[in-house]
Amino acid sequence: GPDGVALRETGVARACGDVCEALRACAELAVVYGMGALALGATFGSEAVADVCGDALDDTMNAPPVGILLDSTVARDDKSLAIRRTLFALSGAATASALTVHAYAVTTTSASTSSASVRTGATP
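As the structure is a prediction and not an experimental result, all values here were calculated from the model.

(A) How the structure looks around the pairing of strand β1 (residues 66–76). Alignment of β1 against strand β2 (residues 81–94), held across 10 bridges, turns out to be antiparallel. Residue pairing for β2: V66 is matched across the bridge by L90. The turn linking β1 back onto β2 is made up of 4 residues.

Here is the structure:
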């Protein structure tokens, strides 16, 4: 009946919306981890990586940005060690009408070369 048709149309519309959202997320990842990482590598002469810039940035894709190390300093006192890094990072955002790559100056701190970096700043 008419209720079944309306229900089916609503289900199809929701499924199409979910597919569009998934395609936008895939496009963000492809442009940042694919073309963006290649462009950073070609520009800076080293490989861009995702695990050096901290977690996902606000208002961009739901994944860590890729980054290139620009500067690194080590601060040591009697009890601790801190490695401070400055990176150039790329993230992305997709809407129904645009796919945008965002560049950031990122600073991170970690307790050792093998520990996870904690982002302390990100400036577009």
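(B) Region of the structure containing the sheet that holds β2. Ordered by their spatial adjacency, 4 strands build an open sheet running β1-β2-β3-β4, and the pairing between neighbours is antiparallel. Looking at the sheet topology across the chains shown, the edges are occupied by β1 and β4 (118–123). Direction aside, neighbouring strands of the sheet carry axes that sit 25 degrees apart on average. Contacts between helix α1 (residues 2–44) and the sheet are confined to β1, β2 and β3 (99–110), with β2 contributing the most and set at about 125 degrees to the helix.

(C) Representation of the pairing of β2 within the structure. In terms of burial, β2 is largely enclosed, as 10 of its 14 residues are buried. Judged from the 12 bridges that link them, β2 and β3 form a sheet pairing that is antiparallel. Each residue of the ladder has a partner; that of A94, found in β3, is L99. If you look at the hairpin formed by β2 and β3, you'll find 4 residues sitting between the two strands.

(D) Examining the side chain of S110 more closely. Relative to the elements of secondary structure, S110 occurs in strand β3. A polar contact is formed between the side chain of S110 and the side chain of R85, at a distance of 3.2 Å. Residues in contact with S110, not counting those within four places in the same chain, are L81, A82, I83, R85, S115, A116 and S117.

(E) Focus on the state of the cysteines. Per the counting criterion, the structure on display carries 0 disulfides. Sulfur of C26: no disulfide; nearest cysteine sulfur belongs to C20 and is 12 Å away. Residue class for C26 comes out partly exposed when judged on its relative accessible area of 48%.

(F) Summary view of the pattern of salt bridges. Within this structure, the stated rule accounts for 1 salt bridge. We note a salt bridge from R24 to E21, for which the minimum N-O separation is 3.2 Å. Of this pair, R24 and E21 both sit in helix α1, 3 residues apart, which is roughly one turn of the helix.

(G) Just the side chain of S117, in detail. Along the chain, S117 falls in the loop between β3 and β4. Overall, S117 belongs to the buried group, its relative accessible area being 14%. One polar contact links S117 to R85, side chain to side chain, over a distance of 3.4 Å. Discounting residues that sit within four places of it in the chain, S117 has contacts with V52, G54, R85, T108, T109 and S110.

Rules of the game
- Per-chain numbering applies: the sequence of each chain, read as written, is numbered from 1 onward.
- Under the rules for a predicted model, residues below a pLDDT of 70 receive no local features and side-chain atom pairs below 80 are neither given nor counted, while totals for whole chains, interfaces and linings still include all residues.
- To obtain the side-chain values, all non-hydrogen atoms of the structure were included, while hydrogens and water were left out.
- DSSP-based pairing: two strands are paired if at least 2 bridges between them are found.
- In this description a helix means any DSSP run of H or I spanning at least four residues, a strand means any run of E spanning at least two, and both kinds are numbered starting from the N terminus.
- Here an angle of 0 to 180 degrees is reported between the N-to-C directions of two axes, which are lines fitted to C-alpha atoms, with helices fitted over the stretch in contact.
- Here, residues are in contact when the closest pair of their heavy atoms is within 4.5 Å.
- With a 1.4 Å probe rolled over the protein chains alone, any residue whose accessible area is under 20% of its type maximum counts as buried; one over 50% counts as exposed, and the rest are partly exposed.
- N or O atoms within 3.5 Å of each other form a polar contact, as long as, within protein, one can give a hydrogen and the other can take it, and as long as residues adjacent in sequence are counted only when both atoms are side-chain atoms.
- Cysteine sulfur atoms that come within 2.5 Å of each other are treated as a disulfide pair.
- When a carboxyl oxygen of Asp or Glu lies within 4 Å of a side-chain nitrogen of Lys or Arg, that pair is called a salt bridge.

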